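# Architecture at a glance
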Amino acid sequence: MKLTILGCYSATPRALTNTTSQVLEINNHMFLIDCGEGTQVQLRKHKIKFNRIKHIFISHLHGDHFFGLVGLISTFRLLTRETDLHIYGPKGIKEVITLQMKLSDSWTNYKLIFHELTSNNSELIFEDEVVEVHTIPLNHRVYTNGYLFKEKEGNRKLDINLVEEANIDMAYYRKLQQGFDVVNEDGVLIANEKVTKPGKKPKSYAFCSDTMYKEDIVPIIKDVDVLYHESTFLEKHAHLAPPTKHSTAKEAATIAKKANAGVLLLGHYSTRYDSLKPFKEEAREVFKHVRLSQDGKVFDFN
Ligand SMILES: [Zn+2]
C-alpha cells in the first residue's frame, strides 16, 4: 500500500502548495482521492500514469477538493483515453461536470460513470476480489464523505512439507489456499490450519477530510492501519473549528486514538501557518504515531 500526497493544504493553491489530492496504490489499483485545482500537473510531476487511474473518489463539492476534476477529465479526452472512468462523489457532481462539458461541446470518447452518493450511513460502494471501498459519512458545511479502502483477506500460504506429508493431491492446493479443509488420498479429512499459514495481513486506509470532530466515525474506521484525518487548525485557533466545521490536530489525534489507528497522517492545513511542526507536536500529546502529509511526499506502508 503506497500513498502519494499531491496536495494537502486547504483553501487556495499557492506557489509551493496545493489543495487536496492524493493517489492510493493498493493491490494493483490506483485510486485518486479528491482532485483539487492543479492535480493533473502534480500527477505529471510525480510520473503517475494517467491511464492507471480508473476510479476517482471526491469527498465533497468545495472547490479545493474537486476544481481539478473537469480539467483532468478533459485532458484524458485529449490523450484519447478509451478506458472507463468511475467517479464517486456527492449528488450534483454529475450535473456540475456535464454542464461544463456540454457548454464547451467537449464530450469524452471514453465512458464516464458517475456514482452519486446521498446516504448519511456508511455504504459499500466498490468491491472486487481484492479490495473494498466504504464511505465514511463526515460532518462538514456541505454533504461530505470520507472513504475507507480495505484489502481483502489474501490467500493462505501452503506449508509444502506438511501438505506432502499429509498426502494431499495437488489438485486440492488451490482449495487449501482458499481456506477449505480437504480430503487426502487416504480419504481422511485434513483441517486447513494443519497445513497452511495465514497469508499477508490485509491493509486498510481511511481518508477523512473535511470534517469537524465526529466521534461516530470511530466504529467504521476501528483498527485501520493508516488514518488520514484533516487538521485544519492548531489549538490557538480551535475556536474557528466548529463554525467552519473543521478539526484541530488534537481532535484528529483523539479520533486516531479512539479508533486504535496504526498511524495518523495529518493534512488539510490552513494556509495561515508558516510551519507544520506544531501540528505534529500538538497531535502527539494525544496519540504517538503521527506523521505529517506534505505535498509530494510518498508513504510506503508495506
Ligand atoms: Zn471543505
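This section reports on the structure supplied with the text. (Residues numbered from 1 in each chain as written. Predicted model: local features only at pLDDT ≥ 70, side-chain atom pairs only at ≥ 80, totals over all residues. Heavy atoms only, no water.)

## A closer look at the coordination of the zinc ion
Note on metal geometry: ideal angles are 109.5 degrees for four donors arranged tetrahedrally and 90 or 180 degrees for six donors arranged octahedrally. Selection criterion: Donor atoms (N, O, S) are those found within 2.8 Å of the metal centre, with the cutoff raised to 3.2 Å for Na, K and Ca; water is not part of the atom list, so apparent gaps in a site can occur. In short, tetrahedral needs four donors with all angles between 85 and 135 degrees, square planar needs four and octahedral six donors with opposite donors over 155 degrees apart and all other angles between 65 and 115, and whatever is left is irregular. The way it works is that DSSP assigns letters per residue, a run of H or I at least four long becomes a helix, a run of E at least two long becomes a strand, and they are numbered from the N terminus. Accessible area is worked out with a 1.4 Å probe on protein chains only. A residue is then buried under 20% of its type maximum, exposed over 50%, and partly exposed in between.
Every protein donor of the zinc ion is listed here as His 60 (NE2), His 62 (ND1), His 140 (NE2) and Asp 210 (OD), and their distances to the metal cover 2.2 to 2.4 Å. In this structure, the zinc ion is surrounded by four donor atoms whose angles at the metal cover 85 to 177°, and the resulting shape is irregular. Counting gaps between the donor residues of the zinc ion yields the pattern H-x1-H-x77-H-x69-D. In this pair, His 140 sits in the loop between β8 (131-137) and β9 (145-151) while Asp 210 sits in the loop between β14 (204-208) and α8 (218-221), placing the two residues 70 residues apart along the sequence. For His 140, a relative accessible area of 6% corresponds to the buried category. The class for Asp 210 is buried, based on a relative accessible area of 2%.

## Some details on the pattern of salt bridges
Threshold: By salt bridge we mean one thing: a side-chain nitrogen of Lys or Arg within 4 Å of a carboxyl oxygen of Asp or Glu.
Across all of its chains, the model carries eight salt bridges by this definition. Close ionic contact of Arg 52 with Glu 25 constitutes a salt bridge, the shortest N to O distance being 3.7 Å. With a gap of 27 residues between them, Arg 52 in the loop between α1 (39-45) and β4 (55-57) and Glu 25 in strand β2 (residues 21-26) connect regions that are remote in the sequence. Two residues, Lys 201 and Asp 225, come together in a salt bridge whose shortest N-O distance is 3.6 Å. Taken as a pair, Lys 201 in the loop between β13 (196-197) and β14 and Asp 225 in the loop between α8 and β15 (226-230) lie far apart in primary sequence, 24 residues in all. Since its relative accessible area comes to 58%, Lys 201 is described here as exposed. A cluster of three or more residues bridged by salt bridges with shared partners is formed by Lys 2, Glu 25 and Arg 52.

## Some points on the sheet that holds strand β5 (residues 85-90)
Short version of the rule: For two strands to be treated as a pair, DSSP must find at least two bridges joining them. Axis definition: a line fit to C-alpha positions, over the contact stretch in the case of helices; interaxial angles, taken between N-to-C directions, run 0 to 180 degrees. Any two residues whose heavy atoms approach within 4.5 Å are treated as being in contact.
Taken in spatial order, the seven strands make up an open sheet running β6-β5-β4-β3-β2-β1-β18, and their pairing is mixed. Edge positions in the sheet fall to β6 (112-117) and β18 (298-300), since each has one partner strand and no second. With direction set aside, neighbouring strand axes in the sheet form an average angle of 20°. Direction of pairing for β5 relative to β6: parallel, over a ladder of six bridges. Each bridged residue has a counterpart across the sheet, and for Gly 89 the counterpart in β6 is Glu 116. Together, β5 and β6 form the strand contacts of helix α4 (residues 93-103), whose direction differs from that of β6 by roughly 145°.

## Brief notes about the packing of aromatic side chains
Note the following rule: Each Phe, Tyr or Trp ring, with Trp reduced to its six-membered ring, pairs with another whose centre is within 6.5 Å; inter-plane angles below 30 degrees give stacked pairs, above 60 give edge-to-face pairs, and intermediate values give tilted ones.
Inspection of the entire model under this criterion finds 15 aromatic pairs. A ring pair is formed by Phe 149 and Tyr 205, whose centres lie 6.3 Å apart and whose planes are at 25°; its orientation type is stacked. Of the two residues, Phe 149 sits in strand β9 while Tyr 205 sits in strand β14, which places them 56 residues apart along the sequence. Here the aromatic rings of Phe 299 and Phe 301 are separated by 5.8 Å at their centres, their planes lie at 5°, and the arrangement is stacked.

## Things to note about α4
Here is the rule we go by: Arc definition: directions from the helix axis to the C-beta atoms.
Buried within α4 we find Ile 93, Ile 97 and Met 101. Around the axis of α4, the buried residues are gathered within 45° of arc, so they sit on the same side. For α4, the exposed residues lying more than 90 degrees away from the buried face are Glu 95, Lys 102 and Leu 103. For α4, the elements touching its buried residues are α3 (69-78), β5 and β6. Positive backbone phi, approximately 45°, marks Asp 105, located one or two places after α4.

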